[in-house]
Amino acid sequence: MSRSKIVYEAPRVAAAPGETVVTSTCGHNCGGRCAVNAHVRDGQIVNISTDPRRWTPEMPPLHACVRGFGQLERVNHPDRLHHPLRRSGPRGSGQFERISWDAALDEVAREMRRVRDTYGPAAVLDCSRTGSLSMLHGRGASQRFLHMFGGCTELWSNLSAEAEVFAVKQTYGAKAEYKSAGREPIDYVNSRLIVMWGWSPADSTFGTGTLQYLKRAKQHGVRIVCVDPRVTRSSRQLADEHLFIRPSTDAAALIAMAYVIASRGLQDQSYLDRHVLGFDEAHLPPGAPRGASYRAYLMGEADGVRKTPQWAEAITGMPAATIERLAVEFATLKPAALHCGYAPGRTIHGEQFHRAAYALAAMTGNVGIPGGNSGTSNGATGRCGIRMLPAGTNPTGARVASSMLADLLDRGRAGGYPADIKMVYSVAGDLFNQVPNIGRIVAAAQRLEFMVVHDNFLTPTARYADIVLPATTFWERNDVHTPWAGAGHYAIFMKQAIAPIGECRNDFDICAELARRLGIEGYSDKTEEEWLRELTRDAIDDFDAFRDQGLARLPAPDDAVAFAREIRDPEHHPFSTPSGKIEIYSMTLAARPDPYGLGAIPPIPTWIDDEIDPRYPLRLVTPKSRARTHSIHGNQPVLARADTDDVWINVADAAARGIVDGQMARVFNGRGVTHLPARVTDRIAPGVISIKEGAWYTPDASGADTRGCANVLTLDRASPAGAAPFNSCFVDVAPATP
């Protein structure tokens with residue numbers, strides 16, 4: 001990367017008399033990374049603006065979404081925590097009393113030492129998460145602290161995308177990172193066909209400017225097909241055709257498409273011969289059993305079942321003729337790009353969806369070429385060399401898949417976990433709202449001996465804490481951030497706009513003070529600015545200009561499409577897989593089929609049925625809300641108007657249950673109940689309902705949720721690759737009784 005090409009820009013309007021304008025970006029796990037400018041008067045943020053420039057594909061401005069403008073409501077919210085709190089009532093009651101910082105930190109340090117010395121460090125669970133994703137402040141601060149404290153039990157899997165994280169490495173290599181395994185949006189226009197599978201950047205952003213680049217591709221004649229259980233905003237704005245599919249059956253449709261291509265001889269055989277392992281028997285690794293190839297599986301040579309479109313229709317609900325037509329179109333309209341969202345991988349065998357998608361992209365010779373794609377929807381640049389605060393290693397080595405939190409808290413060692421959890425430490429997270437089976441989590445939490453939370457508000461998680469420490473927002477500290485989707489090669493300096501509100505402190509300083517109390521040396525020997533200079537030194541050549549201007553445009557990657565170098569020059573730049581090729585047949589999985597002790601994974605993409613509960617005939621999907629970032633903003637009534645919470649239900653399913661549009665509905669299964677208004681619509685497939693994830697868990701006296709929190713219904717298990725199965729969920733719906 002040539003530093004001479006870095007351009008520093010100020011993406012903001014001029015300040016009006018009496019105000020200052022400060023550039024930052026939302027520090028959340030929001031799908032974008034936009035310019036968000038605070039207009040400050042008399043020490044208070046009075047307005048939010050964004051990058052004022054017109055959009056161009058060559059130098060796109062970083063326009064904020066409605067959530068960026070909603071930061072005004074958030075930072076000035078009357079419910080902001082201003083002081084440390086100690087629980088004064090039953091756990092979960094929300095009853096707290098104000099205490100001093102010294103009293104709070106002394107108690108936290110004392111309890112941490114007691115729990116560690118009594119039960120061992122693995123009895124402390126790190127429940128920190130992605131509410132702050134910036135380079136210095138956030139989860140990294142607590143990870144570093146807990147690792148230096150002696151370790152903890154960690155929740156390791158990516159709740160959004162672990163199936164893709166895993167599948168990318170199995171298919172494209174150990175050095176392949178999912179946030180840099182796709183392509184830059186500037187390349188969208190080079191495709192002839194884009195298939196958007198479970199991916200809706202108009203709803204969930206998925207990279208600042210992504211939607212504009214897709215609209216540009218459409219204007220240039222690129223055909224766009226959307227496959228989704230819902231007609232999304234993306235589908236309505238972009239799609240030439242929308243195809244409904246049943247949730248968590250996506251792998252079967254992709255496998256049937258591969259069958260059509262293979263049975264008709266439409267695969268790019270010369271590409272497969274040169275770059276791909278495992279498509280056919282002639283390209284299996286030594287020692288692989290006969291009949292282990294992907295083609296043999298498609299043709300039913302091992303199990304006697306041909307993976308035909310008719311086979312897939314019964315599973316997916318997609319007509320066989322549609323599957324066949326889409327397969328032929330994808331194989332013959334080259335270059336074609338398959339863009340997969342994370343949602344179809346948030347299922348009980350979600351890794352199979354992503355691996356089947358990558359196999360389809362490889363079979364058609366579309367990986368690593370302009371206009372093609374690997375099957376991911378991320379970019380090709382990643383973080384551009386900017387680093388996060390180093391957390392070090394966890395001395396205990398105790399790791400549990402994130403979606404197993406309820407089971408971990410409930411059963412501990414009896415369930416085979418590393419420890420009985422006695423204490424929870426949570427920074428920038430709301431996992432008691434955001435992981436599956438909340439009812440089981442909060443019941444198990446009653447047995448905790450201590451819990452501490454850093455947050456801006458009394459969130460559903462914070463309500464269960466013993467000590468709540470008021471944290472600053474990103475407006476009240478300095479930091480650096482990079483593009484969420486790994487696309488766009490830029491960085492934003494998050495300049496502090498206002499002094500910390502009340503007695504709020506940033507997470508890093510809180511952890512540093514606890515480290516001092518606990519006698520931990522070496523937690524930090526740098527100021528905030530020194531840390532930021534250190535973390536950006538490999539990418540930023542003029543830190544002062546970066547800090548003052550706010551936006552650094554970094555050099556574009558050599559190739560706009562990931563893996564172009566490997567395809568162009570495989571001899572000198574092989575894939576980082578064991579074979580040096582794209583592995584439809586994973587040598588790593590063949591050697592170690594159960595990498596996490598969560599279940600065996602076949603070496604080739606394979607359809608594996610969900611366990612269907614006949615008592616609950618509807619499948620639940622949990623898409624993102626445009627009014628929230630997961631649960632962040634979930635307490636903002638003005639912003640909530642941008643995307644109301646309701647349960648989408650198909651017209652036929654609603655009629656069968658006596659539900660009319662706008663009526664309060666009761667959604668339930670064996671794990672829980674939630675209530676929210678019904679939206680009766682033909683924009684969702686029959687047999688499917690959807691509830692937007694992230695609504696704050698608010699139980700009534702009977703324990704039923706009253707605000708549409710989907711995770712009272714979801715399953716606390718993990719896929720064999722550690723993916724959270726939010727969208728492998730079966731429910732029913734009835735009119736809510738008064």
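Before any of the text, the structure's been laid out above.
Residues numbered from 1 in each chain as written. Predicted model: local features only at pLDDT ≥ 70, side-chain atom pairs only at ≥ 80, totals over all residues. Heavy atoms only, no water.

Caption draft 1: Focus on the sheet that holds strand β15 (residues 423-427). With mixed pairing, the 8 strands of this open sheet are ordered in space as β6-β5-β17-β16-β15-β7-β8-β14. Edge strands, defined here as strands with exactly one partner in the open sheet, are β6 (96-98) and β14 (398-400). Strand-to-strand twist across the sheet, computed as the mean angle between neighbouring axes with direction ignored, equals 20°. The pairing of strand β7 (residues 124-126) with strand β8 (residues 153-155) spans 2 bridges and is parallel. The residue of β8 that forms the bridge with Leu 125 is Thr 153. (Pairing = 2+ DSSP bridges. Helix = DSSP H or I, 4+ residues; strand = E, 2+ residues; numbered from the N terminus. Axes fitted to C-alpha atoms, helices over the stretch in contact; angles between N-to-C directions.)

Caption draft 2: Fine view of unusual backbone geometry. Here the amide bond leading from Lys 334 into Pro 335 is cis, since omega sits at 5°, within 30 degrees of zero. Tracing the chain through its elements places Pro 335 in the loop between α13 (320-332) and β13 (336-340). The phi dihedral of Ser 248 is positive, around 65°, even though this residue is not glycine. Here Ser 248 shows up in the loop between β11 (241-243) and α9 (250-263). With a phi angle near 75°, His 633 is a residue other than glycine that sits in the positive phi range. Tracing the backbone shows His 633 in the loop between β22 (618-621) and α23 (637-640).

Caption draft 3: Local environment of the pattern of salt bridges. Inspection of every chain in the model, using the stated rule, returns 49 salt bridges. Taking the shortest distance from any N to any O, the salt bridge between Glu 534 and Arg 537 comes out at 3.3 Å. Ionic pairing is found between Arg 626 and Asp 643, a salt bridge with its closest N-O pair at 3.8 Å. Taken together, the positions of Arg 626 in the loop between β22 and α23 and Asp 643 in the loop between α23 and β23 (647-650) put the pair 17 residues apart, joining distant regions of the chain. (Salt bridge = Lys/Arg side-chain N within 4 Å of Asp/Glu carboxyl O.)

Caption draft 4: Layout of the nonpolar core. Counting residues in each nonpolar core, the largest one holds 87 residues, and the members touching the most others are Tyr 172, Trp 197, Leu 254, Met 257, Tyr 294, Leu 338 and Ile 582. The element best represented in this core is α9, accounting for 12 residues. If you look at the next biggest cluster of nonpolar residues, it comprises 56 residues, including Leu 159, Val 400, Tyr 417 and Ile 649. (Core = buried A, V, L, I, M, F, W, Y, C linked by side-chain atoms within 4.5 Å. Buried < 20%, exposed > 50% of the residue type's maximum accessible area, 1.4 Å probe, protein only.)

Caption draft 5: Quick peek at the environment of Ser 93. Within the element layout of this structure, Ser 93 appears in the loop between β5 (85-87) and β6. The spatial distance from the C-alpha of Ser 93 to the C-alpha of Arg 463 is 6.7 Å, given a sequence separation of 370 residues. Engagement of the side chain of Ser 93 in a polar contact is seen with the backbone oxygen of Pro 90, the distance being 2.7 Å. (Polar contact = N/O pair within 3.5 Å; in protein donor to acceptor, adjacent residues only side chain to side chain.)

Caption draft 6: A look at the packing of aromatic side chains. All chains considered together, the criterion is met by 23 aromatic pairs. Between the aromatic rings of Phe 508 and Trp 531, the centroid separation amounts to 6.2 Å while the plane-to-plane angle is 75°, which identifies the pairing as edge-to-face. With Phe 508 in helix α18 (residues 507-517) and Trp 531 in helix α19 (residues 528-536), the pair connects residues that are 23 residues apart, well separated along the chain. Side by side, Phe 508 and Trp 531 carry an identical accessibility label, which is buried. Of the aromatic side chains, those joined through ring pairs into one cluster are Phe 145, Phe 149, Tyr 425, Phe 508, Tyr 523 and Trp 531. (Phe/Tyr/Trp six-rings, centres within 6.5 Å; stacked < 30°, edge-to-face > 60°.)

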